[in-house]
Amino acid sequence: EGMALPQRILFPPEEICTDWQQRQRPGAGLCNLGSTCYINVILQCLTYTPPLANYLLSHDHSQLCHRQGFCMMCIMEEHVRKVLHSSANVIWPRAVVRDLKFIGEEFEPDMAGDAYEFLRCALEAMQRACLSGSSDVDISSQTTTIIHQIFGGFLKSRVTCLRCQAVSDSYKAFLHVLLDIKAPSSLTKALENFVTPKNLDGKYCLKCSKCEKKVTASKRVTVHSVPKVFTVCLERAADHTGRKISKIVEYPEYLDLRPYMSDTAGEPLLYSLYALVVHSGDTCLDGHFFCYTKASNGQWYKMDDESVDNCGIHAVLRQQAYLLFYAR
């Protein structure tokens, strides 16, 4: 509906396995190689994302990969295999740190970084790796890689002219959603806020194609199609100075995305929390990252660089969460 259909499907969605293929205790902790906690938490959350881990452990990518030099998918494949299948208690994520500048130009091996920025760049680097060798792929087909089939959905933006009521819709692919938490006290409130119509007036006025002049309009963004894994960043930066919003924002173990869809009628779209990243520190520019992940044995673990400790769901739901990972 209003969206261009892909000319080719780069990865068949029916081949994605969303449940763990094997159940086992959690894998290794990750050594901090000097200010790399922001990298470690994202590597752990991705390692415990079942559809991604299943695909990486199958070696399907590396068997067909012809990339010379850096390939994020090959690096992740090797990393996940090491963490989940080696007998070591601690792994050194050397390959990721070595190739940091290829993942994102802003990252330096000895400098602290932001976990959300690293997640964004890591997913984009994996997406580029999936597209390599597929030249002249149309925009719609680019959203059919294994990465988009797991993490990707579409947002619908509906702009309504408040003068003549003309409506125009546009669609945008997403791999993660950034939510404002200045006012909301819970994830569900932040999502309600996200889909509430906003007025575009003053300098934000748009030109209406029907009225043929700049008018006040209303814009509403909704989730149009849902991903298999819904990844949310609760924006804790109060402003550009690095001041941090340190309040607790409540988040549920099970989340229904149906109320935030373009079409709110129909069955609930239930998601279950399987990983989250916590930032501890007074400002966004310093501090430490650690995470909680649910291993394939169904147990929760706190992962703080080298240490991996068993914990319960009550501890998991009481954190000052920064990133939340939900699986369909």
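For the structure, check the block above.
Residues numbered from 1 in each chain as written. Predicted model: local features only at pLDDT ≥ 70, side-chain atom pairs only at ≥ 80, totals over all residues. Heavy atoms only, no water.

1. Digging into the pattern of salt bridges
Put simply, the rule reads: Every case where a carboxyl oxygen of Asp or Glu lies within 4 Å of a side-chain nitrogen of Lys or Arg is listed as a salt bridge. Burial here depends on accessible area, computed with a 1.4 Å probe over protein chains only, as a share of the maximum for the residue type. Under 20% is buried, over 50% is exposed, and the range in between is partly exposed. Helix numbers and strand numbers start at the N terminus; a helix is a DSSP run of H or I with at least 4 residues, a strand a run of E with at least 2.
All told, the structure shown has seven salt bridges when counted by the stated rule. The salt bridge partner of Asp99 is Arg98, with a shortest N-O separation of 3.0 Å. We classify Asp99 as buried; its relative accessible area is 9%. As a salt-bridge pair, Arg120 and Glu117 come within 2.7 Å of each other at their nearest N and O atoms. Taken together, the residues span about one helical turn, with Arg120 and Glu117 both in helix 7 (residues 115–131) at a distance of three residues. Residue classification places Glu117 among the partly exposed residues on the basis of a relative accessible area of 25%. Look at the salt bridges and you will find they share partners, linking Glu117, Arg120 and Glu124 into a network.

2. Some details on the packing of helix 2 (residues 50–57) against helix 4 (residues 72–85)
Our working rule: Axis geometry follows a simple rule: fit a line to the C-alpha atoms, using only the stretch in contact for helices, then measure angles between N-to-C directions, giving values from 0 to 180 degrees. Working rule for angles: under 35 degrees goes down as roughly parallel, over 145 as roughly antiparallel, 65 to 115 as roughly perpendicular, anything else as oblique. The contact rule is simple, with two residues in contact once any of their heavy atoms fall within 4.5 Å. Residues are grouped as follows: nonpolar covers Ala, Val, Leu, Ile, Met, Phe, Trp, Tyr, Cys and Pro; charged covers Asp, Glu, Lys and Arg; every other residue, Gly included, is treated as polar.
Packing of helix 2 against helix 4 brings their axes to within 9 Å, and their N-to-C directions diverge by 100 degrees. In this view, helix 2 runs roughly perpendicular relative to helix 4, as classed from their interaxial angle. On helix 4, the residues that touch Ala53, Tyr55, Leu56 and Leu57 of helix 2 are Met73, Met76, Glu77, Val80, Arg81, Leu84 and His85. Looking at side-chain class alone, the contact of helix 2 with helix 4 contains eight nonpolar, one polar and two charged residues.

3. Some thoughts on helix 1 (residues 37–47)
Of all eleven residues making up helix 1, eleven are buried, and the element is well covered by its neighbours. Of the residues making up helix 1, those classed as buried are Cys37, Tyr38, Ile39, Asn40, Val41, Ile42, Leu43, Gln44, Cys45, Leu46 and Thr47.

4. Observations concerning the environment of Met76
With respect to the helices and strands, the residue Met76 is situated in helix 4. Every residue in contact with Met76, bar those within four places of it in the chain, is listed here: Leu43, Leu46, Leu56 and Met126.

5. Regarding the nonpolar core
Under the convention used in this document: We call a set of buried residues a nonpolar core when its members are Ala, Val, Leu, Ile, Met, Phe, Trp, Tyr or Cys and they connect through side-chain atoms within 4.5 Å of each other.
Core analysis: the biggest nonpolar cluster contains 63 residues, and Met73, Phe118, Ile147, Val277 and Leu323 have the highest contact counts within it. Looking at this core element by element, the count peaks at eleven residues for helix 7. The contacts of Val277, once residues within four sequence positions are left out, are Val41, Ile42, Cys45, Ala115, Phe289, Phe290, Cys291, Ala321, Tyr322, Leu323 and Phe325.

6. Re the sheet that holds strand 6 (residues 198–200)
This is how it is decided: When DSSP finds at least two bridges between two strands, those strands are taken to pair.
Overall, antiparallel pairing links the four strands, which are arranged 4-3-9-6 in an open sheet. Only two strands of the sheet have a single partner each, and these edge strands are strand 4 (167–174) and strand 6. Averaged over neighbouring strand pairs, the angle between their axes works out to 30 degrees when direction is ignored. Strand direction decides the pairing type here: strand 3 (residues 153–161) and strand 4, joined by eight bridges, are antiparallel. Paired with Ser157 across the bridge in strand 4 is Ser170. Contacting strand 3, strand 6 and strand 9 (217–225), helix 10 (residues 187–195) crosses the sheet at an angle of about 125 degrees to strand 9.

7. Points about the pairing of strand 13 (residues 288–294)
Of all seven residues making up strand 13, five are buried, and the element is well covered by its neighbours. Bridge count for strand 12 (residues 270–280) against strand 13 is six bridges, and the pairing is antiparallel. Residue pairing in the sheet places Ala275 in a bridge with Thr293 of strand 13. Relative to strand 14 (residues 300–304), strand 13 runs antiparallel, the two being bridged by four bridges. Of the residues in strand 14, the one forming a bridge with Cys291 is Met303. Here strand 13 folds back onto strand 14 in antiparallel fashion, the turn holding five residues, of which Gly298 has a positive phi close to 85 degrees.

8. Side note on the packing of aromatic side chains
This is how it is decided: Any pair of Phe, Tyr and Trp rings, taking the six-membered ring for Trp, is counted once the centres come within 6.5 Å. Such a pair is stacked with planes under 30 degrees apart, edge-to-face with planes over 60 apart, and tilted for the rest. Two conditions define a charge sitting above a ring: the NZ of Lys or the CZ of Arg must be within 6 Å of the ring centre, and it must be within 35 degrees of the ring normal.
Summed over all chains, the structure comprises nine aromatic pairs. Each ring, one from Phe11 and one from Tyr55, has its centre 5.4 Å from the other, and the planes form 85 degrees; the classification is edge-to-face. Remark: Tyr55 occurs in helix 2 and Phe11 occurs in the segment before strand 1 (29–30); sequence separation between them is 44 residues. On the accessibility criterion, Phe11 (11% relative accessible area) is buried. Consider the rings of Tyr38 and Phe107, whose centres lie 5.7 Å apart with planes at 35 degrees: the pair is tilted. Separated by 69 residues along the polypeptide, Tyr38 in helix 1 and Phe107 in the loop between helix 6 (100–103) and helix 7 bring together distant segments of the chain. In terms of burial, Tyr38 and Phe107 fall into one category: buried. Every member of this aromatic cluster is reached through a ring pair, and the members are Tyr38, Phe107 and Phe118. Geometry around Phe290 places Lys302 over its ring, the cationic atom sitting 4.6 Å from the centre.

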